[in-house]
Amino acid sequence: FFTRLNETGENQGEDIKISETAVSEDSSITWSGQEFGLVWRRGGPGSKIYFVRLDAKGKKQGDNIKVNNTGGASLSPSITWDGSHYSIVWQGEDNDSERQIYLTKLDQNGSKQSADLTLTSNSAGNYSLEPFFVWTGQEYGVAWQQGEGTIYFIRLDKNGNKKSNEQLISDISQGKAKHPNIA
């Protein structure tokens, strides 16, 4: 569902149903300056990430669009607007059932502009979870949980190319770190 609130938190109309499936979770929303871009995980076996555009009042602008083609379950999408594209990261399983972090870009109409880019390179069960990212006006910053509680960060250019190596932000020796968030 989508609900508009005013600056004091009061509801500004009816709740608007977005997804037609029983299980829709892990939503993320961004504002493009003209409309909202919304992503979520459609649940069930082999769950996938979906996208829809909403006008300023929350009215759907087109159909729900399946974003990814990665194998296995897809979870925890995060979306941002870079001035000309919606960019989405999520956790998904590769062909070896390893959990990786992926990125894709959609144009202002929701058409896919790139193949799914793999941002991490896990093997032997060292999995990546809970990605979150931001657009700074010049580049992306992506943070995620690695394994049982290590947080990593990487910088990407506007096309999704790595501008830095993966940087360790916190590790297990400092306790479990989960659900990173950056601003």
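Before any of the text, the structure's been laid out above.
A brief report on the enclosed structure follows. Since the model is a prediction, treat every value here as computed from it, not as a measurement.

A few words on the pattern of salt bridges. According to the stated counting rule, one finds 7 salt bridges in the structure shown. Among the ionic pairs, Glu25 bridges to Arg41, the shortest N-O distance being 1.9 Å. Note that Glu25 is positioned in strand 1 (residues 24-31) and Arg41 in strand 2 (residues 36-42), a separation of 16 residues in sequence. Among the salt bridges present, the one from Glu35 reaches Arg53, with a minimum N-O distance of 2.8 Å. One end of the pair, Glu35, is in the loop between strand 1 and strand 2; the other, Arg53, is in strand 3 (residues 48-54), with 18 residues separating them in the sequence. For the pair Glu35 and Arg53, a shared accessibility class is recorded, and that class is buried. Each of the salt bridges in this network shares a partner with another, and the network as a whole consists of Glu25, Asp26 and Arg41.

A few words on the sheet that holds strand 12 (residues 167-170). Consider a sheet: its strands pair through backbone hydrogen bonds, and that pairing is either parallel or antiparallel. Pairing is antiparallel in the open sheet, where 4 strands are placed in the order 9-10-11-12. Each edge of the open sheet carries a strand with a single partner, namely strand 9 (128-135) and strand 12. Neighbour to neighbour, the strand axes of the sheet diverge by 25° on average, direction disregarded. Here strand 11 (residues 150-156) runs beside strand 12; their pairing, made up of 3 bridges, is antiparallel. Residue pairing in the sheet places Phe153 in a bridge with Gln167 of strand 12.

Thresholds applied
- Note on numbering: residues in each chain are counted from 1, in written sequence order.
- The predicted origin of the model limits local features to residues at a pLDDT of at least 70 and limits the giving and counting of side-chain atom pairs to 80 or more, whereas totals for whole chains, interfaces and linings rest on all residues.
- Calculated side-chain values reflect all of the structure's heavy atoms, with hydrogen atoms and water omitted.
- Salt bridges are counted wherever a side-chain nitrogen of Lys or Arg sits within 4 Å of a carboxyl oxygen of Asp or Glu.
- Counting from the N terminus, the helices are the DSSP runs of H or I reaching at least four residues and the strands are the DSSP runs of E reaching at least two.
- Only protein chains enter the accessibility calculation, which uses a 1.4 Å probe; a residue is then buried when its area is under 20% of its type maximum, exposed when over 50%, and partly exposed in between.
- At least two DSSP bridges between two strands are required for those strands to pair.
- Note on geometry: axes are lines fitted to C-alpha atoms, helical ones only across the stretch in contact, with angles between N-to-C directions running from 0 to 180 degrees.

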